[in-house]
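# Understanding the architecture of this molecule
Listed below, chain by chain, are the residues.
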Amino acid sequence: MIVMTNAPRLIAWELTAGCNLNCVHCRGASTSSVPAGELTTDEAKHFIDEVAGLGKPILILSGGEPLTRPDVLEIARYGTDAGLRVVLATNGTLLTPELVEKLRDAGVQRLSISVDGANAETHDNFRGMPGAFERTLAGIEVLRKTDFPFQINTTISKRNLEEIPKTFELAKELGAAAYHVFFLVPTGRGKSPMKFPRQTTSVFCTGFMICRKNRKFS
Ligand code: SF4
């Protein structure tokens, strides 16, 4: 076994490039068409074995949309059994009560849900799908009803910068355990003109301070 003094604490793993949405800012340029060459289930398990050999980091199952992978529950269970703290990042549109219970059974400890605006207009504009906001809120409602821990993530760009404080309030109203904001990654469909303008850094700092003021949030 490899002994590491600086073992990773967090690994975000893009399980698939496939996704049911078509967001304008997607750094992976994900679509419903899954490119050839993604890891098989056995290869994914081998990767988990290697991660577990490095330490016990939090393993974020991400994408693309990880819930579009038919073997996502099997992979999550394998990671849990390997002693990792498995969490999952999703757009929230595919969540059903049955699926949430299966995620719980697989040992998934928290979901992060992407919400990129405080209203349907902004969020759907990002997501490339009318109705995405409602579907994401419906997914969050399932989590609330089943008492499954979740946080809300927002990617900041020029399109939603001014809505960050409202989106933060929405996250609180929805009962999120945390609100995390991320800078846009300017690759894939996230290239210009979505770039984050330099002068808006101060606004981001304002949003960050708002978050810090609320002790319930991380
Ligand atoms: S940003 Fe996320 S939800 Fe949107 S297309 Fe990309 S992977 Fe899918």
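Residues numbered from 1 in each chain as written. Predicted model: local features only at pLDDT ≥ 70, side-chain atom pairs only at ≥ 80, totals over all residues.

### What to know about the pairing of strand 6 (residues 179-183)
Applicable threshold: Whether two strands pair depends on DSSP finding at least two bridges between them. Helix and strand assignments come from DSSP, with helices taken as H or I runs of at least 4 residues and strands as E runs of at least 2, each series counted from the N terminus. When the strands point away from the viewer, a crossover counts as right-handed if the path from the first strand over the helix to the second runs clockwise.
In the sheet, strand 5 (residues 150-156) pairs with strand 6 via five bridges, with the strands oriented parallel. Along strand 6, the bridge assignment pairs Thr155 with Phe182. As a crossover connection, the stretch from strand 5 through helix 6 (residues 164-174) into strand 6 is right-handed.

### Topic: the sheet that holds strand 4 (residues 111-114)
The test is simple: In this description, a line fitted to the C-alpha atoms serves as the axis of each element, helices being fitted only across the stretch in contact, and the angle between N-to-C directions of two axes falls anywhere from 0 to 180 degrees. Contact criterion: two residues are in contact if their C-beta atoms, reconstructed from the backbone, are within 7 Å.
The strand order across the open sheet built from six strands is 1-2-3-4-5-6, with neighbouring strands paired in parallel fashion. Every other strand in the sheet has two partners, leaving strand 1 (10-14) and strand 6 as the edge strands with one partner each. Along the sheet, successive strands turn relative to each other by an average axial angle of 25°, direction set aside. Relative to strand 4, strand 3 (residues 85-90) runs parallel, the two being bridged by three bridges. Bridged to Ala89 within strand 4 is Ser112. Sheet strands in contact with helix 6 are strand 5 and strand 6, and its direction is about 170° off that of strand 5.

### Details of helix 4 (residues 120-127)
Filter applied, for reference: The exposure scheme places C-beta atoms from the backbone and then counts, for each residue, the other C-beta atoms within 10 Å of its own, assigning buried at 20 or more, exposed at 12 or fewer, and partly exposed in between. Arc definition: directions from the helix axis to the C-beta atoms.
Turning to helix 4, its buried residues are His123, Asp124, Phe126 and Arg127. Down the axis, helix 4 shows its buried residues gathered within 155° of arc, on one side only. Directly after helix 4, the chain includes Gly128, whose backbone phi takes a positive value near 70°.

### Some points on the site of the ligand
Cut-off, in case you're wondering: Near, for a residue, is defined by distance from a backbone-placed C-beta atom to a molecule or strand, with 6 Å as the limit that must not be exceeded. Residue polarity follows a fixed list, in which Ala, Val, Leu, Ile, Met, Phe, Trp, Tyr, Cys and Pro are nonpolar, Asp, Glu, Lys and Arg are charged, and the others, Gly among them, are polar.
As a structural note, the neighbourhood of the ligand is formed by Cys19, Leu21, Asn22, Cys23, Cys26, Gly28, Ser30, Gly63, Gly64, Glu65, Asn91 and Ser114. When the residues that make up the shell around the ligand are grouped by side-chain class, the tally is four nonpolar, seven polar and one charged.

### Points about the pairing of strand 3
For a regular strand, side-chain orientation follows a simple rule: the groups alternate between the two sheet faces. Among the six residues of strand 3, five are classified as buried, and the element is accordingly described as predominantly covered. By the bridge criterion, four bridges tie strand 2 (residues 58-62) to strand 3 in an arrangement that is parallel. Across the sheet, residue Ile58 finds its bridge partner in strand 3, namely Arg85. Handedness of the crossover joining strand 3 and strand 4 through helix 3 (residues 97-105) is recorded here as right-handed.

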